[in-house]
Every structure is written in C-alpha cells, then in structure tokens.
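# Geometric and topological summary
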Amino acid sequence: MRRPILLLALLLLVAGCTSAPDRADTPDKPERPPGQRWQPRPGTPWQWQLSGRLDPTVDVPVYDIDGFDQDADTVADLHRRGRKVICYLSTGAWEEFRPDAGKFPEAVLGRGNGWKGERWLDIRRTDVLEPLMAARVDMCRDKGFDAVEPDNMDGYRNRTGFPLTAADQLRYNRLIARLAHERGLAVGLKNDLDQIPELVGDFDFAVNEQCAQYDECDTLSPFIEAGKAVFHVEYEVPTRGFCPEARRLGLSSMLKRYELGAWRRAC
C-alpha cells in the first residue's frame with residue numbers, strides 16, 4: 001500500500017510551495033508602491049541648497065539637495081525633522097566632477113552648457129543614457145529621497161551641438177519621469193516651459209528659475225491647476241518685484257543667490 005506515502009509526499013510538496021521565501025530572495029530595499037508617491041501641493045514652502053555646508057534648520061517642509069553630495073544619513077536627519085527631501089540630479093548635461101563621469105562616452109557629449117565642467121548630452125541616445133540615469137535614480141531611492149529634480153531638461157531649446165527636436169525632448173523627459181515613478185519617487189519638471197501642456201500629466205511638481213524676470217510665470221499655471229506645487233526661485237528680481245504675483249498664482253517662491261547656498265528670502 002503506497003497511497004499514504006504518496007499523500008504525505010504531496011502534502012509536503014504543497015507546504016513547501018506555499019512557505020515564505022528565504023530572506024536571501026527578498027530585496028533589501030523594496031520599491032515603494034506608486035500609490036504612495038509623494039505629491040507636493042501648491043504653495044508648499046521649500047529650501048534649495050546645492051552648495052556649502054547644509055543647514056538643516058530652515059523651518060520649511062521641503063528640502064532640495066544634491067543627490068551625489070549628500071548621503072543617506074543627511075536625508076534621514078531631514079526626515080526626522082519632518083522634511084520631505086528632493087534629490088537634485090543633472091539628467092540633460094554631463095558633469096566632469098561626478099563619480100560616474102567616466103561612464104559617459106564622448107559621442108554623447110555636446111557643447112558646454114554655460115557652467116564650468118558641464119556639457120549637454122545627446123538625449124536621443126537613450127540606449128546609452130537610460131541605464132546611466134537609472135543608476136542615478138537608484139542612488140536617490142537607496143539614500144531615502146522622496147523625489148527627484150532632474151536638471152537641464154530643455155536641451156532642445158539650446159545650442160547643444162546636436163539637432164535635438166521638441167519630440168526628442170518630450171521622449172527623454174518622459175523617460176526620466178518613468179524611471180523615477182518606477183522607483184516610487186516623485187519627479188519635478190525643471191524649466192522647459194513650452195512643453196508644460198504636454199508634460200504636466202507626467203510630472204508631480206515643477207521647479208522653475210526666473211519666470212518672473214522673464215515674465216513667464218503664467219505658463220506654470222497648469223501645474224497649479226492640477227494641484228501640483230511649483231517650486232520657484234528668482235536671483236536678480238527683489239522679493240517685492242515677484243512675490244505679489246507668486247502669491248496670486250500659488251507658486252512656492254523665494255529669492256536665492258546663484259550659488260544656491262543656505263541663504264534664502266521667501267515670499
């Protein structure tokens with residue numbers, strides 16, 4: 001009679017198939033479900049500091065800091081202080097001072113973008129750039145950031161050395177947004193005002209420089225109307241010159257110096 005033995009073997013097989021996976025099979029950093037992605041609301045105050053010793057004491061709910069220069073402990077400290085933290089990355093330009101600079105082939109490097117040691121990228125070459133940018137966004141996620149601020153997202157409007165089109169820019173910007181969302185991170189559209197109508201649905205907030213100086217702030221209204229924050233800075237216009245309009249539009253506005261140190265003057 002072999003039936004009891006066969007039955008016992010079947011029961012053991014079923015139990016083995018339904019048991020919990022080994023710890024070795026469980027990722028150390030599970031990705032956050034997309035539904036838990038942070039969504040900053042219009043008018044949310046913020047601090048943007050990319051240079052100098054980080055001052056974590058500014059009493060605002062959002063910090064935007066450099067993803068390479070700041071470590072996980074810094075992000076965790078800001079979280080303990082009740083802040084959400086945005087990871088600044090350059091996704092449209094190469095920077096010679098970054099630790100992964102040597103991974104970018106010369107063929108994708110274009111003209112200088114006006115900042116020392118930086119060159120525009122050929123954003124058409126997603127075969128090269130997607131894995132490099134995915135690794136950068138992975139870094140942001142692994143350090144505990146809540147969101148990504150991808151910079152230099154309007155190369156098609158500049159003299160990059162490549163014949164970039166508006167369609168190229170839309171594809172690339174959506175790629176960067178997807179990389180962030182797949183990792184549970186919010187993502188902001190940096191400048192690129194002309195493409196806001198096409199991209200407002202792909203991004204969770206906007207980051208803008210100098211829309212008041214160039215009389216462009218109204219173009220950011222689609223983000224506000226969608227319930228999404230617009231984090232805005234001016235460098236040359238005094239607060240009295242842009243804060244009334246910023247309040248009217250619902251922007252999160254402040255005056256900064258070009259080096260983006262700790263100093264700020266909010267509306």
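Residues numbered from 1 in each chain as written. Predicted model: local features only at pLDDT ≥ 70, side-chain atom pairs only at ≥ 80, totals over all residues. Heavy atoms only, no water.

## Quick word on the overall build of the chain
For the record, the criterion: By the criteria applied, helices consist of DSSP H or I runs no shorter than four residues and strands consist of E runs no shorter than two, each listed in order from the N terminus. Think of it in three bands: residues with accessible area under 20% of the maximum for their type are buried, residues over 50% are exposed, and the middle band is partly exposed, with areas taken using a 1.4 Å probe on protein chains only. What makes two residues a contact is simply this: any of their non-hydrogen atoms within 4.5 Å. With residues, only the protein chains shown are counted as cover, and all accessible areas are computed by Shrake-Rupley using a 1.4 Å probe.
What the chain contains, in helices and strands, is 7 helices and 12 strands. Within the span of the chain, comprising 267 residues, buried residues form 51% of the whole. Excluding contacts between residues fewer than 6 apart, the proportion of contacts in the chain whose partners are at least 24 apart in sequence is 59%. As displayed, the chain has an accessible area near 13600 Å², and 52% of this comes from carbon and sulfur atoms.

## Here's the deal with the state of the cysteines
As a reminder of what qualifies: Cysteine sulfur atoms are paired as a disulfide whenever they fall within 2.5 Å.
Using the criterion set out here, one finds 3 disulfides in the structure. Cysteine 87 shares a disulfide with cysteine 140; S-S distance 2.1 Å. As the torsion about the S-S bond is roughly -60 degrees, the cysteine 87-cysteine 140 disulfide counts as left-handed. Here cysteine 87 is found in strand β3 (residues 84–90), whereas its partner cysteine 140 is found in helix α3 (residues 126–142), with 53 residues between them in sequence. You'll find cysteine 87 and cysteine 140 in the same group, each marked buried. Between the sulfur atoms of cysteine 243 and its disulfide partner cysteine 267 the distance amounts to 2.0 Å. The sign of the S-S torsion, about -85 degrees, decides the handedness of the disulfide formed by cysteine 243 and cysteine 267: left-handed. Of this pair, cysteine 243 sits in helix α7 (residues 239–249) while cysteine 267 sits in the segment after β12 (265–266), and the two are 24 residues apart along the sequence. Classification of cysteine 267 by relative accessible area gives partly exposed; the value is 36%.

## A look at unusual backbone geometry
The phi torsion at asparagine 191 lies on the positive side, around 55 degrees, for a residue other than glycine. In this fold, asparagine 191 is placed in the loop between β8 (186–190) and α5 (196–199). One non-glycine residue with positive phi stands out, namely leucine 260, at about 55 degrees. The topology assignment puts leucine 260 in the loop between β11 (252–255) and β12.

## Regarding the side chain of asparagine 173
Within the fold, asparagine 173 resides in helix α4 (residues 166–182). For asparagine 173, a relative accessible area of 0% translates into the label buried. If we ignore the near neighbours within four places in the chain, the residues touching asparagine 173 are Met153, Leu189, Asp192, Gln195, Leu199 and Phe203.

## Remarks on the sheet that holds β11
Backbone hydrogen bonds hold the strands of a sheet together, and the pairing may be parallel or antiparallel. The following threshold applies: The criterion for strand pairing is that DSSP finds at least two bridges linking the strands in question. Lines fitted to C-alpha atoms define the axes, with helix axes restricted to the stretch in contact, and inter-axis angles between N-to-C directions lie between 0 and 180 degrees.
The mixed open sheet is built from 9 strands, whose spatial order is β1-β2-β3-β7-β8-β9-β10-β11-β12. Only two strands of the sheet have a single neighbouring strand rather than two, namely β1 (47–49) and β12. In the packing of α3 onto the sheet, contacts are made with β3 and β7 (147–151), and the angle to β3 comes to roughly 155 degrees.

## Here we look at α7
Short version of the rule: The arc in question is formed by the directions pointing from the helix axis toward the C-beta atoms.
Looking at α7, one finds that the buried residues are Phe242, Cys243, Ala246 and Leu249. The buried residues of α7 all sit within an arc of 130 degrees when viewed along its axis, so they share a single face. Away from the buried face of α7 by more than 90 degrees, exposed residues Arg240, Arg247 and Arg248 are located. On its buried face, α7 sits against α6 (221–225), β10 (230–234) and β11.

## Section: the nonpolar core
As a reminder of what qualifies: Within this scheme, the nonpolar core is defined by two criteria: the residues are buried Ala, Val, Leu, Ile, Met, Phe, Trp, Tyr or Cys, and they are joined through side-chain atoms within 4.5 Å.
Counting 57 residues, the largest nonpolar core has Leu89, Phe104, Leu121, Leu129, Phe203, Phe223 and Leu251 as the members making the most contacts within it. Of all the elements, α3 adds the most residues to this core, at 8 residues. Ignoring sequence-local partners within four residues, the contact set of phenylalanine 203 consists of Met153, Asn173, Ala177, Val187, Gly188, Leu189, Phe223 and Lys228. Listed in part, the 16 residues of the second largest apolar core include Trp48, Val62, Val207 and Met254.

## Considering the side chain of aspartate 100
Just so we agree on the cut-off: Any pair of N or O atoms that falls within 3.5 Å is considered a polar contact. Within protein, one atom must be able to donate a hydrogen and the other to accept it, and sequence-neighbouring residues count only if both atoms are side-chain atoms.
Among the structural elements, aspartate 100 can be located in the loop between β4 (93–95) and β5 (109–112). One polar contact links aspartate 100 to arginine 136, side chain to side chain, over a distance of 2.8 Å. Discounting chain neighbours no more than four positions away, the residues touching aspartate 100 are Phe68 and Arg136.

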